[in-house]
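# Per-entry structural report
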Amino acid sequence: MKINTNIPLRESSFIEVKAAEKGLPGSIWETYSAFCNTNGGTIVLGVSEDPVTKELTYTGVKDTDSMIKKFWDTINDPLKVNYVALNNNDVRVENAGGKEIIIIEVPRVNRRNRPVFINNNLNSGTFRRNFEGDYHCTLPEIKEMIRDSEPRTSDALILDDIALNSINIPTLESYRDSLRAKSGGHPWVKLDDEEFMELIGAAGYAADGKLHPTRAGLLMFGKEHRITNEFPYYFLDYREKYTAERWSHRIHSQSGMWSGNIFDFFTTVIERLSVIVPSPFELVGFVRKGESDAFVAAREAVMNALIHSDYYIERGLVIEMVRNIMKVSNPGTFRIPIEEAIKGGISDPRNSQIMKMFLLIGRAEHVGSGLYKIIETERSGAISYANIEESYDPSRVVVTLDFTQETERSGSAASAVMGALRSDNTLTIPALAGITGLSEKTVSRALTELKATGKIIRVGNRRSGHWEIGTGVRKDNGKKGQYEIGTYAFDVKKKNE
């Protein structure tokens, strides 16, 4: 980072200043560790802070050559620092207002060389940067960095203490159906379950000579209570909110109403989003075509969260849809700098085996393009806002998307309402307003239009009734109290309901 000495200096997540009046400050090593383990930063030696005004002033370093020599002697001592991330060009002397200062550029260290710690003590010598300060990493944060340092992603590990009956067979069959739809002639679809799971990386042979699930296989296809035996903090949560009081719709892995695994969660959530985020509807076999840019952004946000989550970290994966704003939050940080992740072209998934499984059915790409696609939807105007942020303690990535513009220009209000009703024909006017982003008055007008054209018929009363949906061929078949929709006829007691 280039320091402009002509403007007031401020400490931040990326800049740390130290007076260095009495020699090389000992706290420099905490900052070095913190910058290495976070996103890099710049240390400036020769800057003092006024104890009252907190104003920073360039006071300079008296003997820069001596201090730089001591710095290099210390950093190359393995008992002081476990990893040297700098080269000669990263330490330099500059002039600021007639004073000589020392600039030390500390890079973000590759995950394979983290954690960087000091004083030969992993537990007490590992730091991260948080706003303007350095903090001791907790044991879970240190374990997270150690997991990420492994050359092979941890989801490939065979769980030799977990039996194969931990797999939910209906989920596995559903995945097979997706593979058939994507590639009907794929040779693996005809294999038995055990051989199929081994080939896709969901299971492997352990030392006992028996087939056991891998971490990826358990997460992707397992039964929830078996998953949480291995991953105590595992939790998947999807929720929609259209009123101030409570969540209007929720799906979470601990409900006991479904398997609770990643694959079933993904398919269920994507089905919901296909209605909430407007997209042309066209099926080729079992595969949906004609997806809008906004829907692709939503799907990529969900896919990236599932592939890059660290399922050993608390708080779980949460997807919130509040009217037109979607927020996807997952445990774990980026394994590469966030700028590179957004730029695309580099793929470093935390769960490579899970990504492989999604890749086989055409739901993931091995080119690191997911975040790039999300940002491009904002640049193209397909959505009004996209934001990606990373935080620590605990480690978390949050992707926020605002679909307001896409909803407004997705077609008529009637078509948006019809799309929502196809997903759930019991939706009320307030719920329809929340899903579509339209006002309740506009939804009411759209329902009137759809009823007038015979595309929907209200059956039952306002509280317990539902909508029958058809093609709208005819409104009235000539018999009093009976409407015809498509090829079906329904008796309706009250036409005005």
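Note that the structure is a prediction, hence the values are computed from the model and not measured.

Parameters and conventions
- Residues numbered from 1 in each chain as written.
- Predicted model: local features only at pLDDT ≥ 70, side-chain atom pairs only at ≥ 80, totals over all residues.
- Heavy atoms only, no water.
- Pairing = 2+ DSSP bridges.
- Helix = DSSP H or I, 4+ residues; strand = E, 2+ residues; numbered from the N terminus.
- Polar contact = N/O pair within 3.5 Å; in protein donor to acceptor, adjacent residues only side chain to side chain.
- pLDDT = per-residue confidence, 0-100.
- Contact = heavy atoms within 4.5 Å.

### Focus: the pairing of strand β8 (residues 133-136)
- Direction of pairing for strand β7 (residues 127-130) relative to β8: antiparallel, over a ladder of four bridges. Each residue of the ladder has a partner; that of Arg-128, found in β8, is Tyr-135.

### A look at unusual backbone geometry
- Here Arg-114 and Pro-115 are connected by a cis peptide whose omega angle stands at 5°.
- You can see Pro-115 is positioned in the loop between β6 (99-106) and β7.
- Backbone torsion omega between Asp-393 and Pro-394 reads 0°, so that peptide bond is classified as cis.
- Even without glycine at this site, Asn-119 takes up a positive phi of about 60°.
- Following the sequence through the fold, Asn-119 ends up in the loop between β6 and β7.
- Within the chain, Asn-120 stands out as a residue other than glycine whose phi angle is a positive 60°.
- Along the chain, the position of Asn-120 falls in the loop between β6 and β7.

### Here we look at the side chain of Glu-94
- Locating Glu-94 in the fold gives a position in strand β5 (residues 91-96).
- Of note is the side chain of Glu-94, whose polar atom sits 2.7 Å from the side chain of Arg-92.

### Here we look at the confidence of the model for the protein
- Counting all residues, the mean pLDDT for the protein is 85, and 87% of those residues have values of 70 or more.
- When the criterion is pLDDT under 50, residues 283-288 qualifies, and its contacts beyond four places in sequence or with other chains add up to ten contacts.
- In the predicted structure, residues 406-411 sits below a pLDDT of 50 and forms twelve contacts with residues beyond four places in sequence or in another chain.

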